[in-house]
Amino acid sequence: MSACVPTRNDHSSRSSRPSRASGFKRPHSPPPPRRGRFRVSGADLSASITVFLIAVPMSLGLAVAMDAPLAAGLVSAAIGGIVAGLLGGTPLQVSGPSAGLTVVTAELIQIYGWRTTCAITVGAGLLQILLGSLRAARSALAVSPAIVHGTLAGIGVAIALAQLHIVFGEVPRSSALDNVLSLPSHLAHFEPAGPLVGALTIALLIAWPRMPGQIGAALRRIPAALAAVVIATAVAAAAAPGIARVDLPSWHSHALPELPQGPVAALATAVFTVMLVASLESLLAAVSVDKLAADRSTTATKDGSTPPAPVKRSDLDRELRAQGVANAVSGLAGGLAVSGGAVRSSANVRAGATSRASTVLHGVWVLLAAMLLVTALEWIPLAALAALVMVVGIQMVSFAHIRKVHRHREFLVYGATISGVVLAGVLEGVAIGIVVAVAVALHRLARTRITVTEQDGRYLVAARGQLTFLAVPRLSRVLGKLPQGVDAVVELDGFFMDHAAYETIQDWYAAQTALGGRIEFTGRSGGRIAEPASAAHSCCRPWTPWRNHHCHDGVQDTAPTTAAPDSHVVSKASPSKAPESPSGRRRGAHRLLSGLSSFQRTTAPLVREELARLAAEGQRPSQLFLTCADSRLVTSMITASGPGDLFTVRNVGNLVPPPDAGDAESNDDSVAAAIEYAVDVLEVESITICGHSGCGAMQALLGAAPETPRTPLWRWLRHGLPSLERMRSRHHSWARIAGRLPTDAVEQLCLTNVVQQLEHLRAHESVARRLAAGTLQLHGMYFHVGEAQAYLLTEGASSGTGPDEVFARVAPGAVWGAEDGIETPHPAPGTAVDA
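Asker: Mind showing me how you'd approach the overall build of the chain here?
Answerer: Along the chain, the regular secondary structure elements total 31 helices and 16 strands. Considering only residue pairs separated by 6 or more positions, the chain has 76% of its internal contacts joining residues 24 or more positions apart. When the accessible surface of the chain is totalled, it reaches about 40500 Å², and 60% of it is carbon and sulfur.

Asker: Explain the nonpolar core to me, please; I cannot follow it from the model alone.
Answerer: It is characteristic of soluble globular proteins that their nonpolar side chains tend to be buried jointly. Core analysis: the biggest nonpolar cluster contains 66 residues, and Leu60, Ile120, Val274 and Val366 have the highest contact counts within it. For this core, the leading source of residues is helix α1 (residues 42-66), giving 11 residues. Not counting residues up to four positions away in its chain, the partners in contact with Leu60 are Leu70, Leu74, Leu248, Leu377, Ile380 and Leu385.

Asker: Where do I start with the pattern of salt bridges in this structure?
Answerer: For side chains of opposite charge, pairing can occur when their charged atoms come near one another. Evaluation of the coordinates by the stated rule reveals 11 salt bridges. The residue Arg115 makes a salt bridge to Glu258 at a minimum N-O spacing of 3.8 Å. Of this pair, Arg115 sits in helix α4 (residues 114-133) while Glu258 sits in the loop between α10 (224-239) and α11 (264-303), placing them 143 residues apart in sequence. Its relative accessible area of 39% is what places Arg115 among the partly exposed residues. For Glu258, a relative accessible area of 31% corresponds to the partly exposed category. Connected through salt bridges with shared partners, the residues Glu610, Arg613, Glu617 and Arg620 form a single ionic network.

Asker: How should I be thinking about the side chain of Thr627 in this particular structure?
Answerer: Summarising the element assignment, Thr627 is placed in strand β7 (residues 623-628). Beyond its immediate sequence surroundings of up to four residues, Thr627 is in contact with Leu633, Thr635, Val649, Arg650, Asn651, Asn654 and Cys690.

Asker: Would you mind showing me how to read the confidence of the model for the chain here?
Answerer: Should the pLDDT be low somewhere, the predicted coordinates at that spot are not to be read in detail. When pLDDT is averaged along the chain, the result is 78; 79% of the residues meet or exceed 70. Below a pLDDT of 50 lies the segment residues 1-36, which in the model reaches 77 contacts outside its immediate sequence neighbourhood of four places, other chains included. For the stretch residues 530-585, pLDDT sits under 50, and the model shows 74 contacts to residues farther than four places along the chain or on other chains.

Asker: What's the story with the packing of helix α20 (residues 472-480) against helix α21 (residues 499-514) in this structure? I'm lost.
Answerer: The description of two packed helices rests on the angle between their axes and on the distance between the axes. Between α20 and α21, the least distance of the axes is 10 Å, while the angle of their chain directions is 10°. By the angle class used here, α20 and α21 are roughly parallel. Seen from α20, the contacting residues are Val472, Leu475, Ser476 and Leu479; seen from α21, they are Ala500, Ala501, Thr504, Ile505 and Trp508.

Asker: When you look at the sheet that holds strand β4 (residues 458-464) in this model, what are you seeing that I'm missing?
Answerer: Backbone-to-backbone hydrogen bonds pair the strands of a sheet. The strands run either parallel or antiparallel. Spatially, β3-β4-β5-β6 is the arrangement adopted by the four strands of the open sheet, whose pairing is mixed. Only two strands of the sheet have a single neighbouring strand rather than two, namely β3 (449-455) and β6 (518-522). On average, each strand axis in the sheet is tilted by 15° relative to the strand beside it, whichever way the strands run. Pairing between β4 and strand β5 (residues 487-493): six bridges, direction parallel.

Asker: Would you take a moment to explain a nonpolar patch on the surface for this structure?
Answerer: Among the surface-exposed residues, Ile434, Val438, Leu442, Leu445, Phe469 and Leu470 lie close enough to one another that they form a single nonpolar patch of about 500 Å² accessible area. Tracing the backbone through its elements, the reader meets Ile434 in helix α19 (residues 426-446). The exposure class of Ile434 is partly exposed, given its relative accessible area of 41%.

Asker: Would you explain unusual backbone geometry in this entry?
Answerer: For Asp67, which is not a glycine, the phi torsion comes out positive at approximately 60°. Residue placement: Asp67 occurs in the loop between α1 and α2 (70-87). Since its relative accessible area comes to 62%, Asp67 is described here as exposed. One non-glycine residue, Ala788, lies in the positive phi region at around 50°. With respect to the helices and strands, Ala788 occurs in the loop between β11 (777-784) and β12 (789-793).

Asker: Sorry if this is basic, but what is going on with the pairing of β7 here?
Answerer: Two faces make up the sheet, and in a regular strand the side chains alternate between them. Counting buried positions along β7 gives six out of six residues, so the element sits mostly inside the fold. For β7 and strand β8 (residues 646-651), the ladder comprises six bridges, and the chain directions are parallel. Note that in β8 the partner of Gln623 across the bridge is Leu646.

Asker: Sorry, what's going on with the environment of Leu771 here?
Answerer: On the secondary structure map, Leu771 appears in helix α30 (residues 765-773). The spacing of Leu771 and Ser686 is 85 residues in sequence and 9.9 Å in space, taken between C-alpha atoms. Non-local contacts of Leu771, meaning those with residues more than four positions away in its chain, are made with Arg762, Leu776 and Leu778.

Asker: What's the story with the packing of aromatic side chains in this structure? I'm lost.
Answerer: Under the criterion given, the structure shown has five aromatic pairs. Summarising the aromatic geometry, the rings of Tyr509 and Phe521 are spaced 5.8 Å apart at their centres and angled 50° between planes, so their arrangement reads as tilted. Within this pair, whereas Tyr509 is found in helix α21, its partner Phe521 is found in strand β6, the two being separated by 12 residues in sequence. Each member of the pair, Tyr509 as well as Phe521, carries the same accessibility label: buried. Taken together through their ring pairs, the aromatic side chains of Tyr782, Tyr791 and Phe807 make up a single cluster.

Asker: I keep staring at the side chain of Ser339 and nothing clicks. Help me out?
Answerer: For Ser339, the position within the fold is in strand β2 (residues 338-340). One polar contact links Ser339 to Glu281, side chain to side chain, over a distance of 3.1 Å. Filtering out sequence-adjacent residues up to four positions away, Ser339 remains in contact with Val94, Ser95, Gly96, Ser98, Ala278, Glu281, Ser282, Gln323 and Arg344.

Asker: Explanation requested: the pairing of β12 in the structure shown.
Answerer: Taken across its five residues, β12 has five buried, putting it largely inside the fold. Because side chains alternate across β12, one face comprises the buried residues Gln789, Tyr791 and Leu793, and the other comprises Ala790 and Leu792, equally buried. Here four bridges tie β11 to β12, and the two strands are oriented antiparallel to one another. Paired with Phe783 across the two strands is Ala790, which belongs to β12. Where β11 folds back onto β12 in an antiparallel hairpin, the turn is made up of four residues, including Ala788, whose phi is positive at roughly 50°. Where β12 and strand β13 (residues 806-810) come together, three bridges link them in antiparallel fashion. Bridging across to β13, Tyr791 finds its partner in Arg809.

Asker: Explanation requested: the environment of Leu702 in the structure shown.
Answerer: Mapped onto the elements, Leu702 comes out in helix α26 (residues 696-703). Among the residues examined, Leu702 registers a relative accessible area of 24% and is labelled partly exposed. Note: C-alpha distance between Leu702 and Leu724 (22 residues apart in sequence) is 7.7 Å.

Asker: Help me out: how do you make sense of α4 in this one?
Answerer: What sets the pattern is the α-helix's 3.6 residues per turn: residues three or four places apart point alike. In this model, α4 (20 residues) spans 29 Å end to end at C-alpha, consistent with the 28 Å of a helix rising 1.5 Å per residue. Of the residues trailing α4, Arg135 is marked for its positive phi of about 60°.

Asker: Even after reading the chapter, I still don't get the packing of helix α6 (residues 145-167) against helix α18 (residues 411-423), so can you show me in this structure?
Answerer: Two numbers describe how α6 lies on α18: the axes approach to 8 Å, and their chain directions differ by 40°. In this structure, α6 crosses over α18, and the sense of that crossing is right-handed. Two secondary-structure elements touch here, α6 through Ala146, Ile147, His149, Gly150, Thr151, Ala153, Gly154, Ile155 and Val157 and α18 through Val413, Tyr414, Thr417, Ile418, Val421 and Val422. Looking at the contact of α6 with α18, its residues break down into 10 nonpolar, five polar and no charged.

Calculation criteria
- Residues numbered from 1 in each chain as written.
- Predicted model: local features only at pLDDT ≥ 70, side-chain atom pairs only at ≥ 80, totals over all residues.
- Heavy atoms only, no water.
- Helix = DSSP H or I, 4+ residues; strand = E, 2+ residues; numbered from the N terminus.
- Contact = heavy atoms within 4.5 Å.
- Areas by Shrake-Rupley, 256 points an atom, 1.4 Å probe, with all protein chains shown as cover.
- Core = buried A, V, L, I, M, F, W, Y, C linked by side-chain atoms within 4.5 Å.
- Buried < 20%, exposed > 50% of the residue type's maximum accessible area, 1.4 Å probe, protein only.
- Salt bridge = Lys/Arg side-chain N within 4 Å of Asp/Glu carboxyl O.
- pLDDT = per-residue confidence, 0-100.
- Axes fitted to C-alpha atoms, helices over the stretch in contact; angles between N-to-C directions.
- Parallel < 35°, antiparallel > 145°, perpendicular 65-115°, else oblique.
- Pairing = 2+ DSSP bridges.
- Patch = residues over 30% accessible without salt bridge, like charges linked within 9 Å, V, L, I, M, F, W, Y side chains within 5 Å.
- Phe/Tyr/Trp six-rings, centres within 6.5 Å; stacked < 30°, edge-to-face > 60°.
- Polar contact = N/O pair within 3.5 Å; in protein donor to acceptor, adjacent residues only side chain to side chain.
- Expected span 1.5 Å × (residues − 1).
- Left-handed = near helix turned anticlockwise from the far one by under 90°.
- Nonpolar A, V, L, I, M, F, W, Y, C, P; charged D, E, K, R; others polar.

Shown next as structure tokens:
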């Protein structure tokens, strides 16, 4: 769960508004935001200058690395900033010359020449536009991350090896392997000026962001890339005036594309390769920018500072089309291939950019620099630019990615992709990575261990792993060796069985039972997978199947019999509506004991080890979950939590009495005591107040008459009266749920009550203290029982800083990070939260 849920302030239709018969007036809602012209804020202007200062040396360095005209790097940076910035689906992403295409472009220039390479760039851009129009961007992200990051890491290694030659004053070879083999000869004899300038540049790039003290903090505002290149240029001008420098030719000699000439298959492969690498790099950078922008907002909220304006989540298909347009324009103008860059984009986010104006302005500054600062740029040593690009290449080999693929047991795929890219080429490396990934997947599917043990004439057949057609020969051989009419237990330890394996087991089961055999199928924990229809109501598995949950009413002492592997799916009859007989009442009286017995038999073996650990270590929950006592609300189910995760407080109406709750008669310290214990003793990181649909407490508040007797229940419900007053007030907008108004007054009060109880919660001293320190977060949640759907309160309302009270729908398949309280949305292939 998250305190920060992106939403969309849509105005609901008239049909979704409460009727006038409900007795409530329509609240005052804030006017819709006006769509203005292209505006530039001070933060965007400052960020654009920062990115411009990084982009110029990097663009020149990448042009040097590709052996392309240096002016082409500036052309692509300007076009990437202006065109992709205006049209892109990721407002804060900065596009420019692609570091991932360095090796590919260098090879294309060597084979076809510069002008044909420009035409290939145009073709790649048109292909990107086509794929973006077909909405294929999400599909591109479906490639295994091990292959994607392995490809970029391999390109980074090749870049670093090639730039090392330029640092030594030599011309890089055509392949990474040749660069490695020829390196010893360069080390034997070289001019020291280039390596020293390169070493100085690298040292400054590493040390500049780590400068301590107040002076260091002031200097760190200057981008490290700019500082390193400027200082290296000044040192080279004083100590090595004869060193090789940037040579920007006149714009009159700038080369434009020509019609490609060469084998059609080779040219098509080149276009596809440029498109693939540029698209993957851009889409991965877009996802990273989304996460950086979300982290920036979270950090600002925790620090107590004003969070930046929210930025729309990336539209990846629009971003892919924009990258295609930028590449087509860049190729036509004689520029390098363009892609979204992680270095430039992260600098843009960290510099405080709030809109695409920063990206566009950075492109304008690059264009002006290309026309007005030629003399100054020609003082830059090539060794400094090569060292800068070499560091960029090394940074593409991310140790975080290596740890991640190792944790997921995909390092073999990652290593094979890197090796393929370095030794054979980008497209070949991607193909090798795909082949290895498929081989690893098949190996995992085929790696099924089947063992047979015998004890007292009873056999145990244990199958460890996935049962697919690849394991059928071995499975048939093992089962065929068992005696006919055998008494056996088949233990299936895997989560997948395909049709071929199912048929094999089913045929063997039928043959054995026909000969008098007794076969039982179990899982790893020993619990039966299959039960006969007569015993279908004698037990229920945890959570599923959970229809008509009264699954303990059957006779418990019925001896289990054997069943086929497919007999575990049993439909349960609906509870009878007729009056319950005395025997039925007796069965109901024993339901608790029956449930406890079922727990000991089916669930306790699964959780015993974890509960023993928690018993030894003590409870350390990270969240206080305060919700209603309604029996339909199962907190561990709707939060997918387990023992030790939630410190749960339940009461009628999920109410939080404020500290000054009135006279001693109506005051109740039990909730306050639980809050104090959770916040001060357990030191939870977040508190969630969860309301739900059809709440009986809210219905009672709406229907209460002034002369309602002061019973204990009513004295407690008085703590919900502020929620009722808030809903009737004209000073608050009506709470909305997933972009619509509530369906009726009860749902409106349920939603409003969550917001009001959050305000009560903030008034408690322990909570206020932790909130001020930035070590506690508050969350609002609404669970619609009939829909089995959770909704989260948006950040502005849950923190008390926004006018709207909007609950956003949590979508299935959401991917979450562990940054922000309970959970923080992480950009993923699907939408995590729908507003």
